[in-house]
Amino acid sequence: MKPWFLGLVVVTAAMFAYAPVMIAGADYEATMGLVQKIFYFHVPAWFAMFTAIGVCGVASILHLFKNRPAADRLAVSSAELAVLFGAMGLVTGPLWGRKAWGVWWVWDAKLTIALLLELTFVSYLIVRRYGGPGSDKLAAAVGIFGMAVSPFVYEAVNIWRTVHPLTSVVPSLQPGMFGPFWFAVGAFMLLFLTLLTLRVNLASGQARLDTLYLAEEE
């Protein structure tokens, strides 16, 4: 592992250690009070998920049309992280919704499309694992599809009537919330980069090991 990676791990750990302090000191939302602070974990998790989806989609395009193994490893690594951060969002969302709306879940456009997007990348991983020969190409198509539909998750609240807050919430944050929120976003993005680096290195090691096995058999 390269020396810069240790610095990345230290900075990421330090930001997550300090994030609760900033969040505790952030202003309370007028109507929801303390429960609104889930926002500082829920929304950054989606930031990380959408970043993972974008990386997976672009890498899938490169693999599908350029046949680049390195891009394939990047795509599958990002898909796993998209599922991970998506699960974080889908867990923290109902925890927040139960207190804010009085229900754990409603099948409105925003929540339903978010769940379907999560299942799309779960299906990506299933195809990669059990699809047999050519599964990498089929999974790449799934990754591209997931990237193409992901904007609908973000725009759903602006297109359809939903119980979910509008996308204007983040730009309109009060000064006492703005700093802690973007600090949390930065922490999650660094966590994504850390995990992606680890997973890509693992995939590269597996590829080298497979090459050695094939050479030994020949």
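Residues numbered from 1 in each chain as written. Predicted model: local features only at pLDDT ≥ 70, side-chain atom pairs only at ≥ 80, totals over all residues. Heavy atoms only, no water.

1. Some words on the pattern of salt bridges
So, point 1. According to the stated counting rule, one finds two salt bridges in the structure shown.
So, point 2. Here Arg-128 ties to Asp-72 by a salt bridge, and the two come within 2.6 Å at their closest N and O atoms. Of the two residues, Arg-128 sits in helix H4 (residues 109–130) while Asp-72 sits in helix H3 (residues 69–100), which places them 56 residues apart along the sequence.
So, point 3. A relative accessible area of 25% means that Arg-128 is categorised as partly exposed.
So, point 4. Take Asp-72: its relative accessible area is 11%, and that puts it in the buried class.
So, point 5. Put simply, Glu-80 and Arg-199 hold a salt bridge, and the shortest N to O gap is 2.6 Å. Note that Glu-80 is positioned in helix H3 and Arg-199 in helix H6 (residues 175–217), a separation of 119 residues in sequence. (Salt bridge = Lys/Arg side-chain N within 4 Å of Asp/Glu carboxyl O. Helix = DSSP H or I, 4+ residues; strand = E, 2+ residues; numbered from the N terminus. Buried < 20%, exposed > 50% of the residue type's maximum accessible area, 1.4 Å probe, protein only.)

2. A short note on the packing of aromatic side chains
So, point 1. This structure, assessed with the given rule, holds 14 aromatic pairs.
So, point 2. With 5.5 Å between their ring centres and 70 degrees between their planes, Trp-105 and Trp-107 make a pair best called edge-to-face.
So, point 3. Given a relative accessible area of 64%, Trp-107 falls into the exposed group.
So, point 4. Linked through ring pairs, Phe-39, Tyr-40, Phe-47, Trp-96, Phe-178, Phe-181 and Trp-182 together constitute an aromatic cluster. (Phe/Tyr/Trp six-rings, centres within 6.5 Å; stacked < 30°, edge-to-face > 60°.)

3. Overview of helix H2 (residues 39–66)
It helps to recall that an α-helix has 3.6 residues per turn; residues three or four apart then point in one direction.
So, point 1. Here H2 contains 28 residues, and its C-alpha end-to-end distance of 40 Å stays within 8% of the 40 Å for a straight helix at 1.5 Å per residue.
So, point 2. Where H2 terminates, the next one or two residues include Asn-67, which has phi positive at roughly 55 degrees. (Expected span 1.5 Å × (residues − 1).)

4. Quick word on unusual backbone geometry
So, point 1. Look at Asn-67: it is not a glycine, yet its phi comes out positive at around 55 degrees.
So, point 2. Mapped onto the fold, Asn-67 is located in the loop between H2 and H3.

5. So, the packing of H3 against H4
So, point 1. The interhelical angle for the contact between H3 and H4, taken along N-to-C directions, is 145 degrees, at an axis separation of 9 Å. As H3 runs across H4, the sense of the crossing is left-handed. Contacts between H3 and H4 involve Asp-72, Ala-75, Val-76, Ala-79, Glu-80, Ala-82, Val-83, Gly-86, Ala-87 and Leu-90 from the former and Ala-114, Leu-115, Glu-118, Phe-121, Val-122, Tyr-124, Leu-125 and Arg-128 from the latter.
So, point 2. Of the residues contributing to the contact of H3 with H4, the split by class is 13 nonpolar, one polar and four charged. (Axes fitted to C-alpha atoms, helices over the stretch in contact; angles between N-to-C directions. Left-handed = near helix turned anticlockwise from the far one by under 90°. Contact = heavy atoms within 4.5 Å. Nonpolar A, V, L, I, M, F, W, Y, C, P; charged D, E, K, R; others polar.)

6. Looking at the confidence of the model for the protein chain
So, point 1. Per-residue confidence for the protein chain gives a mean pLDDT of 89; residues scoring 70 or more make up 96%.
So, point 2. Here H6 stands out as the least confident element of the protein chain, with mean pLDDT 87; H2 is the most confident, with 95. (pLDDT = per-residue confidence, 0-100.)

7. Overview of the nonpolar core
So, point 1. Ranked by internal contacts, the top residues of the largest apolar core, which has 28 residues, are Phe-85, Phe-121, Tyr-124 and Phe-192.
So, point 2. Elements represented by at least two residues in this core include exactly H2, H3, H4, helix H5 (135–159) and H6.
So, point 3. The element that contributes the greatest number of residues to this core is H3, accounting for nine residues.
So, point 4. When residues no more than four places from it in sequence are discounted, the contact partners of Tyr-124 are Cys-56, Ser-60, Asp-72, Ala-75, Val-76, Ala-79, Ala-139, Ala-140, Val-142 and Gly-143. (Core = buried A, V, L, I, M, F, W, Y, C linked by side-chain atoms within 4.5 Å.)

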